[in-house]
Amino acid sequence: IKLLTIPFLKKIKESNQISKEYQQKLEYIKAKYHDDPKRKSEEELLLIKKYGILPGFSARIPQILHIFIMISLPSFLKSNILFYQVPVGLWMQDASLPDKYFILPLFCLIFAYLQINDAKQLTPMVKIAILIAIIIGMYAFSFLASGMQLFIVSGLILSYFEKKFLLT
């Protein structure tokens, strides 16, 4: 899924920039015309006409597709007979069972940490809170089917390299 969304990266980057511009101009209008609600509404309508009602929404379509797959994949892996006792590779003997050596949860933790560490806009306290949430999430992650774990980890790895090299 990540590989399929790579062609959309330029559009996503442009859309995020437009959305950021829109938000900055909207904040400026709210601050400038906070005493004049009528003028503020007029300026906001002009801004909406210029940028569209939902600036940045088209860039979210690949993310929405990803969410639907994330919701449906666990039940697919558990109920599909084709994945029963199918070796995924190396240490994973069954795609429908969790990773018994916790290698994939460890990879998930590492790449999630790398993404948090690279986020410049986050304060250290927020980074710590997110890291604690990820560590707690690793407990639930460790019970997922190894096929699902592999899907999530590969998505995290590709996201990390995508942000590191393609979106900079």
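All figures in this text were calculated on a predicted structure; none of them were measured in a lab.

Attention now goes to the overall build of the protein. Along the backbone of the protein there are seven helices and zero strands. Tracing the protein from N to C terminus, the helices and strands come up as α-α-α-α-α-α-α. Looking at the protein as a whole, 29% of its 168 residues qualify as buried. Contacts spanning at least 24 positions in sequence make up 65% of the contacts within the protein whose residues lie at least 6 apart. Counting only carbon and sulfur atoms, one obtains 70% of the accessible surface of the protein, whose full area is about 11600 Å².

Right, let's talk about the packing of helix H5 (residues 103–118) against helix H6 (residues 124–141) for a bit. Their axes nearest at 10 Å, the elements H5 and H6 cross at an angle of 165°. In terms of orientation, H5 lies roughly antiparallel with respect to H6. The element H5 and its partner H6 pack so that their crossing is right-handed. Contacts from Leu104, Pro105, Cys108, Leu109, Ala112, Tyr113, Ile116 and Asn117 of H5 reach H6 at Lys127, Ile130, Leu131, Ile134, Ile135, Met138 and Phe141.

For Phe102, which is not glycine, the phi dihedral falls at a positive 60°. Counting through the fold element by element, Phe102 comes out in the loop between helix H4 (61–79) and H5.

For the coordinates displayed, the defined rule picks out four aromatic pairs. Note on Tyr139 and Phe143: the rings are 5.0 Å apart at their centroids and 80° apart in plane angle, and the pair reads as edge-to-face. For Tyr139, a relative accessible area of 59% puts it in the exposed group. Judged by relative accessible area, Phe143 falls into the partly exposed class, the value being 49%. Taking 5.3 Å as the distance between ring centres and 75° as the angle between the ring planes, the aromatic pair formed by Tyr160 and Phe161 counts as edge-to-face.

Rules used throughout
- Residues numbered from 1 in each chain as written.
- Predicted model: local features only at pLDDT ≥ 70, side-chain atom pairs only at ≥ 80, totals over all residues.
- Heavy atoms only, no water.
- Helix = DSSP H or I, 4+ residues; strand = E, 2+ residues; numbered from the N terminus.
- Buried < 20%, exposed > 50% of the residue type's maximum accessible area, 1.4 Å probe, protein only.
- Contact = heavy atoms within 4.5 Å.
- Areas by Shrake-Rupley, 256 points an atom, 1.4 Å probe, with all protein chains shown as cover.
- Axes fitted to C-alpha atoms, helices over the stretch in contact; angles between N-to-C directions.
- Parallel < 35°, antiparallel > 145°, perpendicular 65-115°, else oblique.
- Left-handed = near helix turned anticlockwise from the far one by under 90°.
- Phe/Tyr/Trp six-rings, centres within 6.5 Å; stacked < 30°, edge-to-face > 60°.

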